[in-house]
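Next come the chains, spelled out residue by residue.
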Amino acid sequence: MAYPPPADQWWGLFYYFSTLGAIIGGIVIAFLVLAAIKYRYKPGKPEPEDAPKPGTFPKDRGHLKYLFVLSFVTLSIISTLVVGSFSAFHVLTTPPDKGLDIEVTGFQWAWGFKYPNGVQTVSNLVIPVNQTIVFHVTSSDVKHKFGVPYFKTSIDAIPGQVGEIWIKATSTGDYDILCYELCGVGHAGMIGKITAVSQSQFNQWLENATKQK
Amino acid sequence: MSETFSLRRWLTTTNHKDVGILYLVTSFYFMFFAGFLAMNFRVQLFSPNQSLFTASAYNQVVTTHGLMMILWVLSPMGFAFANYIVPIQIGAKDMAFPRLNALSYWFYLFSGLLLVSSFFLPGGGADVGWTAYAPLSTTKYTPQVGMTVAAMALIMLVASITVSTVNFITTIARERARGMTWSKMPLFTWGILYTVIMMLFAFPPLGAGLLILLSDRILGTMFFTSNAGGALLWENFFWFFGHPEVYILLAPALGILFEIIPAFSRRPIYGRKFILGAFALASIISFLVWGHHMFATTETALVKKIFSATSVAISLPFEIVTIYLIATLLRGSIRLSTPMLFGLGAIYMFIIGGITGVFNASIALDYQFRGSYWVVGHFHFVMGGTVIFALLGALYYWFPKMTGRMYNEKLGKIHFFISAIGFTMIYFPMFFLFDMPRRIFTYPATAGWDFMNHIATIGGFIFGSIQLLLLANILLSLRRGPPAGFNPWGGWTLEWLIPSPPPAQDFEVSPKIEREEIVFPKGGSTEWEDVEESYTPWPLTITIGTTLGLLGVAMFLPLAILGLAVVLASLVGWFRDDFRGKFAAKAEGMGMWPFEKISHEKLGMWVFITAEMMLFSMVVSGYIYVRSNSAVWPSPLLVTNILAHLQGGIINVPGVGEIAIHNIVLGTVNTLVLVTSSLTMALALNAIKNGNVRGLKIWLLATLALGVTFMVIKGYEWAGLYSEGFTITSGLPAASYYLTVGLHGAHVIAGLIAIAFLITKAYKNGFTKESYTGIENTGLYWHMVDVIWLFLFPLFYLL
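Note that the structure is a prediction, hence the values are computed from the model and not measured.

### What to know about the overall build of chain A
Here comes step 1: Looking only at helices and strands, chain A has 3 helices and 10 strands in total.
Here comes step 2: Listed N to C, the secondary structure of chain A is α-α-β-β-β-β-β-β-β-β-β-β-α in terms of helices and strands.
Here comes step 3: Relative to the globule expectation of 17 Å for 213 residues, the C-alpha radius of gyration of chain A, 27 Å, shows a markedly less compact shape.
Here comes step 4: Principal axes of the C-alpha set define a box for chain A whose edges measure 90 × 35 × 30 Å.
Here comes step 5: For chain A, buried positions account for 48% of its 213 residues.
Here comes step 6: Within chain A, contacts between residues at least 6 apart in sequence are counted, and of these 65% link residues at least 24 apart.
Here comes step 7: Counting every atom, chain A has about 10000 Å² of accessible surface; 62% of that belongs to carbon and sulfur.
Here comes step 8: In chain A, 17 side chains carry a positive charge and 15 a negative one; their mean positions are 10 Å apart.

### Looking at the side chain of Thr442 of chain B
Here comes step 1: Here Thr442 of chain B lies in the loop between helix H14 (409–427) and helix H15 (450–480).
Here comes step 2: Assessed through its relative accessible area of 13%, Thr442 of chain B is described here as buried.
Here comes step 3: Here the side chain of Thr442 of chain B touches Asn49 of chain B through a polar contact of 2.9 Å, landing on its backbone nitrogen.
Here comes step 4: When residues no more than four places from it in sequence are discounted, the contact partners of Thr442 of chain B are Ala188 of chain A together with Gln44, Pro48, Asn49 and Gln50 of chain B.

### Observations concerning unusual backbone geometry
All names here are of chain A.
Here comes step 1: Backbone torsion omega between Gln108 and Trp109 reads 0°, so that peptide bond is classified as cis.
Here comes step 2: By the element assignment, Trp109 lies in the loop between strand E1 (100–107) and strand E2 (110–114).
Here comes step 3: Phi is positive for Asn130, close to 60°, though the residue is something other than glycine.
Here comes step 4: Positive phi is not limited to glycine here, since Lys152 has a value of about 55°.
Here comes step 5: Secondary-structure assignment places Lys152 in the loop between strand E6 (144–148) and strand E7 (153–157).
Here comes step 6: Residue classification places Lys152 among the buried residues on the basis of a relative accessible area of 2%.

### Examining a nonpolar patch on the surface
Here comes step 1: A cluster of nonpolar side chains, Ile218, Leu219, Val553 and Leu557 of chain B, forms an exposed patch at the surface whose accessible area comes to about 340 Å².
Here comes step 2: On the secondary structure map, Val553 of chain B appears in helix H16 (residues 538–555).

### Digging into the sheet that holds strand E4 (residues 124–128) of chain A
Adjacent strands of a sheet pair through backbone hydrogen bonds, lying either parallel or antiparallel.
Residues and elements named next belong to chain A.
Here comes step 1: The mixed open sheet is built from 5 strands, whose spatial order is E4-E10-E9-E6-E7. At either end of the open sheet lies a strand with only one pairing partner, and these are E4 and E7. Sheet twist, expressed as the mean angle between neighbouring strand axes with direction ignored, is 25°.
Here comes step 2: Note: E4 against strand E10 (residues 192–197), 5 bridges, orientation parallel. When the bridges of E10 are listed, Asn124 appears paired with Lys193.

### Some thoughts on the sheet that holds E2 of chain A
Residues and elements named next belong to chain A.
Here comes step 1: A sheet is described by the order of its strands in space; here 5 strands give the open sequence E3-E2-E1-E5-E8, paired in mixed fashion. Every other strand in the sheet has two partners, leaving strand E3 (120–122) and strand E8 (163–168) as the edge strands with one partner each. Across the sheet, the mean angle separating the axes of adjacent strands is 25° when strand polarity is ignored.
Here comes step 2: Two strands pair when backbone bridges link them, and E1 and strand E5 (residues 132–139) are joined in this way by 7 bridges, in the parallel orientation. By the bridge assignment, Leu100 is partnered in E5 with Ile133.

### So, the nonpolar core
Here comes step 1: Counting residues in each nonpolar core, the largest one holds 342 residues, and the members touching the most others are Phe135 and Phe146 of chain A together with Trp72, Phe81 and Leu700 of chain B.
Here comes step 2: Residue contributions to this core peak at 23 residues, all from helix H7 (residues 230–265) of chain B.

### Topic: the packing of aromatic side chains
All names here are of chain B.
Here comes step 1: As enumerated under the stated definition, the model contains 99 aromatic pairs over all chains in all.
Here comes step 2: Seen in terms of ring centroids, Phe188 and Trp398 are 5.0 Å apart; in terms of plane orientation they differ by 55°. Their pairing is tilted. Of this pair, Phe188 sits in helix H6 (residues 187–219) while Trp398 is found in helix H13 (residues 373–403), placing the two residues 210 residues apart along the sequence.
Here comes step 3: Look at Phe201 and Phe287: their rings are 6.4 Å apart centre to centre, the planes differ by 85°, and that puts the pair in the edge-to-face class. Taken as a pair, Phe201 in helix H6 and Phe287 in the loop between helix H8 (272–285) and helix H9 (301–313) lie far apart in primary sequence, 86 residues in all.

### A closer look at the pairing of E1 of chain A
All names here are of chain A.
Here comes step 1: Here E1 shows a buried face lined by Leu100, Ile102, Val104 and Gly106 and an unburied face lined by Asp101, Glu103, Thr105 and Phe107.
Here comes step 2: Relative to E2, E1 runs antiparallel, the two sharing 5 bridges. The residue bridging Val104 from the neighbouring strand is Phe113, located in E2.
Here comes step 3: Linkage of E1 to E2, two consecutive antiparallel strands, is achieved through a turn of 2 residues.

### Here we look at the environment of Val62 of chain B
Residue and element names in this part refer to chain B.
Here comes step 1: As for its position among the elements, Val62 is in helix H3 (residues 55–89).
Here comes step 2: The class of Val62 is buried, set by a relative accessible area of 16%.
Here comes step 3: Between the alpha carbons of Val62 and Ala34 there is a distance of 9.2 Å; along the sequence they are 28 residues apart.

### Description of the interface of chain B and chain A
Here comes step 1: Residue-level contacts link 93 residues of chain B with 82 residues of chain A.
Here comes step 2: When chain B packs against chain A, close to 7600 Å² is buried across both sides, 70% of that on carbon and sulfur atoms.
Here comes step 3: When residues of chain B are sorted by the area they lose upon contact with chain A, Pro268, Tyr367 and Trp492 of chain B head the list and together hold 10% of the total.
Here comes step 4: Our enumeration of links across chain B and chain A arrives at 6 salt bridges.
Here comes step 5: With a closest N to O distance of 3.2 Å, Glu47 of chain A and Arg266 of chain B form a salt bridge.
Here comes step 6: Run the count over chain B and chain A and you get 29 residue pairs in polar contact (both at pLDDT 80 or more).
Here comes step 7: A per-element tally of the side of chain B that touches chain A places helix H10 (residues 315–329) of chain B first, with 10 residues.
Here comes step 8: Split by residue class, the side of chain B that touches chain A holds 53 nonpolar, 21 polar and 19 charged.

### Focus on H7 of chain B
Residues and elements named next belong to chain B.
Here comes step 1: Compared with the 52 Å implied by 1.5 Å per residue over 36 residues, the 52 Å span of H7 between its first and last C-alpha is a close match.
Here comes step 2: The sharpest bend along H7 measures roughly 30° and falls at Trp239.
Here comes step 3: The element H7 is extensively covered by neighbouring structure, given that 36 of its 36 residues are classed as buried.
Here comes step 4: Downstream of H7 by one or two residues, Arg266 has phi in the positive range, about 60°.

### A look at the state of the cysteines
All names here are of chain A.
Here comes step 1: Applying the stated criterion across every chain yields a total of 0 disulfides over all chains.
Here comes step 2: Cysteine Cys179 remains unbridged, with the sulfur of Cys183 as its closest cysteine sulfur at 3.9 Å.
Here comes step 3: You can call Cys179 buried: its relative accessible area is 2%.
Here comes step 4: Taking the relative accessible area as the measure of exposure, Cys183 reaches 0% and is therefore buried.

### Quick look at the environment of Phe767 of chain B
All names here are of chain B.
Here comes step 1: Looking at the secondary structure, you find Phe767 in the loop between helix H22 (732–763) and helix H23 (773–798).
Here comes step 2: For the pair formed by Phe767 and Leu696, sequence separation is 71 residues and the distance between their alpha carbons is 9.1 Å.
Here comes step 3: Setting aside residues up to four positions removed in sequence, Phe767 forms contacts with Ile688, Val693, Leu696, Leu758, Lys761, Ala762, Tyr772, Gly774 and Ile775.

### Some remarks on the pattern of salt bridges
Here comes step 1: Per the counting criterion, the structure on display carries 15 salt bridges over all chains.
Here comes step 2: Among the ionic pairs, Glu514 of chain B bridges to Lys512 of chain B, the shortest N-O distance being 3.8 Å.
Here comes step 3: Members of the salt-bridge network, linked through shared partners, are Glu47 of chain A together with Arg266 and Arg335 of chain B.

### Quick word on the domain arrangement of chain B
All names here are of chain B.
Here comes step 1: Per the domain assignment, the segments making up chain B are domain 1 (7–519) and domain 2 (632–798).
Here comes step 2: Distance from the C-alpha centre of domain 1 to the C-alpha centre of domain 2: 40 Å.
Here comes step 3: Note on domain 1 versus domain 2: buried area summed over both sides is about 660 Å², and carbon and sulfur give 88% of it.
Here comes step 4: Taken together, the connections running from domain 1 to domain 2 amount to 0 residue pairs in polar contact (both at pLDDT 80 or more).

### Here's the deal with the domain arrangement of chain A
All names here are of chain A.
Here comes step 1: Once the domains are mapped, chain A shows domain 1 (7–45 + 63–93) and domain 2 (100–212).
Here comes step 2: Computed over C-alpha atoms, the centres of domain 1 and domain 2 are 38 Å apart.
Here comes step 3: Taken together, the 6 residues of domain 1 in the interface contact 5 residues of domain 2.
Here comes step 4: Roughly 480 Å² is buried in total at the junction of domain 1 and domain 2, and carbon and sulfur atoms are behind 61% of that figure.
Here comes step 5: Linking domain 1 with domain 2 are 0 salt bridges, by the criterion used here.
Here comes step 6: Looking at the side of domain 1 that touches domain 2 residue by residue, the classes come out as 5 nonpolar, 1 polar and no charged.

What counts, and where the lines are drawn
- Residues numbered from 1 in each chain as written.
- Chains lettered and ligands numbered in written order.
- Predicted model: local features only at pLDDT ≥ 70, side-chain atom pairs only at ≥ 80, totals over all residues.
- Heavy atoms only, no water.
- Helix = DSSP H or I, 4+ residues; strand = E, 2+ residues; numbered from the N terminus.
- Rg over C-alpha atoms; globule rule 2.2 N^0.38 Å.
- Buried < 20%, exposed > 50% of the residue type's maximum accessible area, 1.4 Å probe, protein only.
- Contact = heavy atoms within 4.5 Å.
- Areas by Shrake-Rupley, 256 points an atom, 1.4 Å probe, with all protein chains shown as cover.
- Lys, Arg positive; Asp, Glu negative; His and termini not counted.
- Charge placed at Lys NZ, Arg CZ, Asp CG, Glu CD.
- Polar contact = N/O pair within 3.5 Å; in protein donor to acceptor, adjacent residues only side chain to side chain.
- Patch = residues over 30% accessible without salt bridge, like charges linked within 9 Å, V, L, I, M, F, W, Y side chains within 5 Å.
- Salt bridge = Lys/Arg side-chain N within 4 Å of Asp/Glu carboxyl O.
- Pairing = 2+ DSSP bridges.
- Axes fitted to C-alpha atoms, helices over the stretch in contact; angles between N-to-C directions.
- Core = buried A, V, L, I, M, F, W, Y, C linked by side-chain atoms within 4.5 Å.
- Phe/Tyr/Trp six-rings, centres within 6.5 Å; stacked < 30°, edge-to-face > 60°.
- Buried area = accessible area lost by both parts, 1.4 Å probe.
- Nonpolar A, V, L, I, M, F, W, Y, C, P; charged D, E, K, R; others polar.
- Expected span 1.5 Å × (residues − 1).
- Bend = angle between axes of the 7 residues up to and from the residue.
- Disulfide = S-S within 2.5 Å.
- Domains from an automatic or database assignment.

Printed below as a string of structure tokens:
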């Protein structure tokens with residue numbers, strides 16, 4: 001399945017994190033379980049020489065060199081995570097072209113949209129397919145979070161501030177808009193819809209909407 | 001202290017073990033309460049479009065579950081063990097300040113009850129999530145008084161924790177047995193020390209945020225509703241506390257694992273020094289990651305990248321700790337008893353929670369994760385899984401010590417395995433629900449989230465109901481468990497060298513460390529006086545007064561006056577408590593580097609002053625934040641006419657309009673008055689050090705007079721400002737001035753009350769050349785108040 005931008009970036013990074021996470025987590029959990037089973041007490045097994053004795057301070061043990069090896073390996077792995085994140089972050093925050101600007105205002109409890117020519121809609125947004133859409137998101141009351149899960153992107157809607165994200169639908173159809181920040185009793189129902197249509201259908205729709213204004 | 005069920009004992013005790021038990025029972029009660037709430041909303045979420053709860057009820061239940069579990073369950077349960085075990089582990093007979101310890105507990109209990117009671121107030125309780133994001137949490141969007149009461153409960157908890165912090169730092173720094181150097185201190189005590197140090201810096205900022213929120217809610221200021229402050233101001237306050245808080249919850253749990261894993265592996269912990277170093281590093285970084293909760297805000301990309309890098313980096317020290325815990329198992333002779341199973345279970349949870357935490361640190365993945373069930377899954381593995389499993393391990397581990405009886409091993413093992421399976425069933429499916437928003441009370445059938453929610457709810461019921469087995473095990477074993485003896489696990493620390501349960505004063509003679517051994521010097525004279533009893537009613541009555549006062553401020557003002565009267569009367573009783581033969585007497589001179597030369601009280605006061613400094617710097621940061629975000633701010637620098645500064649008040653500035661400036665001359669005079677009072681306070685201390693009681697009285701009276709003068713001038717200034725229309729609700733400049741300067745004024749008044757008390761005591765000849773701690777410590781506090789003013793004066797009057 002091909003993901004539309006910028007979800008392709010997100011999924012790529014997510015699979016990288018998940019694969020690494022599953023491998024490392026699997027190894028460490030296996031290490032934990034196997035160590036607990038292998039060295040478990042069996043009748044007749046002698047106590048280790050350095051076993052804790054009541055009232056005696058246990059000996060310190062451990063080697064500095066293992067600490068260095070461990071830190072080096074960890075830092076090399078996590079630096080790839082940081083680099084991958086930063087490059088995906090760059091894509092997520094940078095629209096590929098100027099695109100169509102939509103002003104989004106969250107309010108209790110729906111989303112309001114405003115096209116560049118002044119046409120306004122509530123909850124339902126019609127967009128042209130294969131074109132970059134840049135959302136300028138704010139709120140008129142409390143904090144909300146404007147999220148379009150299919151495109152794997154979202155941004156806070158904060159009163160008095162404007163945040164930016166972009167998407168580009170690669171096929172026509174309906175996509176959900178959800179609110180990801182608790183904003184009062186209507187939070188769960190703050191669901192909107194993006195309808196992606198062909199460029200010609202969009203032009204026609206916008207023309208009609210402009211006339212009705 | 002043999003009266004097990006005496007009401008007098010449990011209401012007035014100051015013994016650290018009794019207080020520990022009280023904490024344990026209370027935190028368990030709150031855990032079952034908050035867990036029951038969770039099972040309710042798991043039913044609601046079992047399938048789409050359920051209607052067990054309305055949206056409002058659901059939000060209240062979720063908010064209370066979160067607040068209660070994080071602040072009234074996880075931390076206090078860790079501190080139940082800390083109260084019971086830490087003094088014993090370091091060889092002390094009690095905490096440094098036993099009465100303050102009781103006060104911490106009662107504040108904790110009553111703040112929790114206040115939170116529970118807010119549910120039943122008209123309009124319901126807080127329904128804004130545990131993060132209480134502004135502006136949703138302001139009166140405009142959440143008018144019900146329940147939200148105010150919940151914020152009051154939080155402030156009370158902050159007070160409880162601050163007092164605890166003072167107590168634990170002083171105890172650990174000053175009460176260790178002779179020869180117990182920092183490097184020999186047991187690791188659970190180290191874990192608690194790290195916890196309280198982080199608490200010292202994290203909780204005052206929460207207190208500052210709550211004060212400002214309450215000022216918005218009660219006094220009508222607009223810090224969080226105006227765009228100059230608003231959502232981001234609250235988030236910075238909240239997460240500056242909130243992220244270290246995660247490590248504050250984790251540190252006692254890790255401390256517990258550092259005890260349990262070696263004890264049952266029968267090997268010393270691997271890399272003790274490296275673990276302590278990693279832990280210290282993590283504690284420091286924990287204050288540099290709060291911005292990762294704000295990746296989706298409008299902060300700049302550079303700020304986000306820095307926070308992302310620090311957040312990924314914090315995984316390194318925790319990874320070292322985890323690997324070293326597992327390395328401890330190698331070549332051991334592992335007893336898989338219940339405490340060990342829970343310990344291993346906690347590590348398993350920590351591996352999953354830690355790895356998914358690295359995902360959250362990524363600024364890019366955050367674009368989908370923030371606010372989704374992925375985050376819920378992650379932090380429950382850390383806080384629910386790691387911390388609760390470690391705490392349950394601690395309960396089984398120290399149960400024999402606390403009760404003298406063994407628990408039932410078979411029931412314990414069943415409890416562990418079913419808990420681990422149930423817990424994983426609740427939270428693992430949430431990693432597949434990263435499209436599902438948090439805190440929605442229901443979801444549409446078309447979303448496709450049903451299956452994972454089915455599993456989570458079933459898991460929730462498995463996990464919730466098996467906890468009844470734990471209760472049964474405890475109740476059964478309390479009566480029928482076989483005797484435990486001193487040391488059922490072969491542990492090395494001090495608590496295992498004394499009887500189970502320990503006698504009221506823990507040790508007959510004070511233990512000593514000689515080379516690598518803990519010894520009880522035979523026939524050696526004990527350095528403690530005998531303590532016959534340790535009961536005092538004042539911690540409880542102070543708490544009742546405070547609770548009434550807070551409820552009064554929120555709802556019915558006359559109640560607040562009654563509360564204040566109760567507090568003041570109790571304080572008089574507190575300071576008149578007769579110490580002879582009461583409260584574990586302190587063994588002086590046991591403090592070790594670098595605390596040999598400082599008294600308990602003085603060290604405690606310095607810790608408290610640190611907390612106060614954090615509080616004031618956060619309030620001032622709030623002022624700087626709103627000021628830098630405001631287009632116009634009245635400043636004397638705008639006024640070129642020198643004469644205007646002599647009068648202060650509302651002045652018309654060409655091009656800016658009417659602004660209010662403060663009377664610089666009067667402010668300067670007042671600053672001099674306060675600085676002089678510091679001098680007279682120092683002279684008072686000097687007088688009594690030379691045995692000059694008459695000089696002491698004179699200089700104390702002078703300090704009192706100067707302090708009162710300061711407040712009178714302040715009152716005159718405020719009256720003038722009010723008459724010109726510069727009131728607390730007339731915008732952010734006025735609000736931040738009144739709030740910050742008012743908070744300072746409240747500290748001056750508290751200082752004046754203390755000085756008035758010192759004067760009465762001086763007239764009763766209560767101070768001598770040898771005994772003047774009260775003067776010394778009140779003096780320290782008074783100097784702090786003056787120093788704070790030296791910062792506030794230029795910030796508010798001159799700039």
